Amino acid sequence: MPDAANRPLHELLTARAVPTGVSLRARGQPFPMAYDARGVHSPGLIACPDCDLVQQDPACVTACTVRCRRCSATLYRVSPHGLDNALAFTLAAAILFALANFVPVMSLELQGHRVEATLTGMAWGLAGADMIGVGALVFLTLCLMPRLEILARLYLLAPLRAGRVPAHMARVSRLLDSMRRWAMVEVFVLGAAVSIQRLDEIAQLELGPAFWAIGAVMLLTTATNSIFDTRALWSRAARAAA
């Protein structure tokens, strides 16, 4: 961000921490620009990803939302015990997701014939019906990526909770960010909810334990994403390495 050094001093204001749920901007104080020889921000500075304003990073020890002084964009959120709660949610999601892969999602009975399907069985069934591409996409987004996302988050959070820094932490953190875009459990839940009524009109439909388990995984994943703080993750890693 080399052009930031050319901005007038009055534009370099302090980002302020706002209590969670409050969207008003607080007043800031000007400060002198500071970069080291490599162009890296000095400690205590943060850049807005939306408007590129470099500003002081406020100390926030309670639940709060830090917003940009210029454009009010959310820079990050601070949640006390957020990483510990994220670990608990992820452990619960791992147990439920494992359950969802071994018990039926739903069963369909038509003219005396009863058919049951698991998550992986749905993908194999689509592939066996000459829809290999759709089956592969279902397996990727519903079975593989959610599993890898849960495992990657456990790999990062569990050692840090024990006071150790996991190996290859930066690489796994980047992979986790990429995998989140491909895990589409919520799409399956919403699609299944829409199709339940139609299927129930032509046959006797019974939802299996896996359907409720995968729905709970969706809620737990959403809750985890809302409190998972990358800044807190790396701060804890720095303390563990010290």
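Given the structure is predicted, the values throughout are model-derived calculations rather than measurements.

Q: How would you sum up the nonpolar core? Please name residues and give values.
A: For soluble globular proteins, the rule of thumb is that nonpolar side chains tend to be buried together. Counting 42 residues, the largest nonpolar core has Val105, Leu119, Leu157, Phe188, Ile214, Phe228 and Leu233 as the members making the most contacts within it. Residue assignment for this core shows that the elements contributing at least two residues are α1 (82-100), α2 (119-128), α3 (132-161), α4 (169-180), α5 (185-202), α6 (209-227) and α7 (230-241). Residue contributions to this core peak at 10 residues, all from α3. Judged by nonpolar contacts, the second largest core, of 11 residues, contains Ile46, Val66, Ala73 and Tyr76.

Q: How would you explain α6 if you had to name every residue and give the values?
A: An ideal rise of 1.5 Å per residue puts 27 Å on 19 residues; α6 measures up with 27 Å between its terminal C-alpha atoms. Residues of α6 that are buried include every one of Ala210, Phe211, Ala213, Ile214, Gly215, Val217, Met218, Leu220, Thr224 and Ile227, and no others.

Q: Give me the packing of α3 against α7: which residues, what numbers.
A: Axis separation between α3 and α7 bottoms out at 10 Å; the angle between their running directions is 40 degrees. Between α3 and α7, the angle falls in the class oblique. Considering how the two elements wind past one another, α3 and α7 form a crossing that is left-handed. Of the residues in α7, those in contact with Leu156, Leu157, Leu160 and Arg161 of α3 are Leu233, Arg236 and Ala237. Taken together, the residues of the contact of α3 with α7 break down into 5 nonpolar, no polar and 2 charged.

Q: If you had to explain the pattern of salt bridges to someone new, which residues and values would you point to?
A: Counting across every chain of the model gives 4 salt bridges. In this structure, Glu149 engages Arg153 in a salt bridge whose closest nitrogen and oxygen atoms are separated by 3.5 Å. Note that Glu149 and Arg153 are positioned in helix α3 at a spacing of 4 residues, about one turn of the helix. A relative accessible area of 3% means that Arg153 is categorised as buried. For Arg181, the salt bridge is made with Asp177, and the minimal N-O distance between the two is 3.1 Å. Several salt bridges converge on common partners, so that one network encompasses Asp84, Arg161 and Arg236.

Q: Hey, could you go over unusual backbone geometry for me, with residue numbers and the actual values?
A: Its identity is not glycine, yet Ser72 carries a phi of approximately 65 degrees, on the positive side. Ser72 gets classed as partly exposed once you look at its relative accessible area, which sits at 25%. Even without being glycine, His168 reaches a positive phi, approximately 55 degrees. Tracing the chain through its elements places His168 in the loop between α3 and α4. A residue is classified by how much of its surface remains accessible, and His168, at 56% relative accessible area, is exposed.

Q: Explain the packing of aromatic side chains to me, using residue names and the numbers behind them.
A: The tally for this structure, following the rule as stated, stands at 1 aromatic pair. With a centroid separation of 5.3 Å and 85 degrees between ring planes, the pair formed by Phe211 and Trp212 is classed as edge-to-face. Positioned above the aromatic ring of Phe228, the side-chain terminus of Arg153 is 5.0 Å from the ring centre.

Q: Lay out a nonpolar patch on the surface in plain terms, naming residues and giving numbers.
A: A cluster of nonpolar side chains, namely Leu137, Trp182, Met184 and Val187, defines an oily patch on the protein surface of about 370 Å² accessible area. Within the secondary structure, Met184 sits in the loop between α4 and α5.

Q: Before we move on, can you summarise the sheet that holds strand β8 (residues 204-207) with the specific residues and values?
A: To summarise the sheet geometry, strands pair through backbone hydrogen bonds and adopt either a parallel or an antiparallel arrangement. As summarised here, the arrangement of the 3 strands in space is β7-β6-β8, forming an open sheet in which the pairing is antiparallel. For this open sheet the edge positions go to β7 (113-117) and β8, each flanked by a neighbour on one side alone. Ignoring which end each strand starts from, the neighbouring axes of this sheet average 15 degrees apart. Here strand β6 (residues 106-110) runs beside β7; their pairing, made up of 5 bridges, is antiparallel. Within β7, the position partnered with Ser107 by the bridge is Glu116.

Q: Describe α2, naming the residues involved and giving the relevant values.
A: Taking the backbone nitrogen of Gly121 as reference, a side-chain oxygen 3.1 Å away marks Thr118 as the first, capping residue of α2. Immediately downstream of α2, the backbone of Asp130 shows phi near 65 degrees, a positive value.

Q: Please provide a residue-by-residue account of the confidence of the model for the chain, values included.
A: Chain-level pLDDT for the chain is 76 on average; 79% of the residues reach the 70-or-more range. In the model of the chain, strand β1 (residues 16-19) stands out as the element of lowest mean pLDDT, 48, in contrast to α1, which has the highest, 93. For residues 7-42, every residue scores under 50 in pLDDT, and the model assigns this stretch 83 contacts once sequence neighbours within four places are set aside.

The rules behind these values
- Once a new chain begins, its residue numbering starts again from 1 and follows that chain's sequence as written.
- Residues qualify for local features only when their pLDDT is at least 70, as the model is predicted, and side-chain atom pairs are given and counted only at 80 or more; totals for whole chains, interfaces and linings, by contrast, use all residues.
- Only heavy atoms go into the side-chain values, all of them from the structure, while hydrogens and water stay out.
- Think of a nonpolar core as a cluster: buried Ala, Val, Leu, Ile, Met, Phe, Trp, Tyr and Cys residues, connected wherever their side-chain atoms sit within 4.5 Å.
- Buried residues are those whose accessible area, probed at 1.4 Å on protein chains only, stays under 20% of the maximum for their type, while exposed residues exceed 50% and partly exposed ones sit between those limits.
- Helix numbers and strand numbers start at the N terminus; a helix is a DSSP run of H or I with at least 4 residues, a strand a run of E with at least 2.
- Each helix should span, by expectation, one fewer than its residue count multiplied by 1.5 Å.
- Axes here refer to lines fitted to C-alpha atoms; in helices the fit is confined to the stretch in contact. Angles between the N-to-C directions go from 0 to 180 degrees.
- In what follows, roughly perpendicular refers to angles from 65 to 115 degrees, roughly parallel to angles under 35, roughly antiparallel to angles over 145, and oblique to any angle outside these ranges.
- Helix crossings get a hand from a simple test, with the near helix turned counterclockwise from the far one by less than a right angle marking a left-handed crossing and a clockwise turn marking a right-handed one.
- Here a residue-residue contact requires only that any non-hydrogen atoms of the pair lie within 4.5 Å.
- The nonpolar class holds Ala, Val, Leu, Ile, Met, Phe, Trp, Tyr, Cys and Pro. Asp, Glu, Lys and Arg form the charged class, and all remaining residues, Gly among them, are polar.
- Any carboxyl oxygen of Asp or Glu within 4 Å of a side-chain nitrogen of Lys or Arg constitutes a salt bridge here.
- Only Phe, Tyr and Trp rings are paired, with Trp represented by its six-membered ring, and only when their centres lie within 6.5 Å; those with planes under 30 degrees apart are stacked, over 60 edge-to-face, the remainder tilted.
- To sit over a ring, a charge needs its Lys NZ or Arg CZ within 6 Å of the ring centre and within 35 degrees of the ring normal.
- Residues enter patches when they are more than 30% accessible in relative terms and free of salt bridges; like-charged ones are connected within 9 Å and nonpolar ones (Val, Leu, Ile, Met, Phe, Trp, Tyr) within 5 Å.
- Each accessible area is a Shrake-Rupley estimate made with a 1.4 Å probe; only the visible protein chains count as cover when residues are assessed.
- Pairing between strands is defined by DSSP: at least two bridges between the two strands are required.
- Within 3.5 Å is the distance limit for a polar contact, defined as a pair of N or O atoms, with the added protein rule that one can donate a hydrogen and the other accept it, and that residues adjacent in sequence qualify only through two side-chain atoms.
- Residue-level confidence of the predictor is summarised by pLDDT, bounded by 0 at the bottom and 100 at the top.

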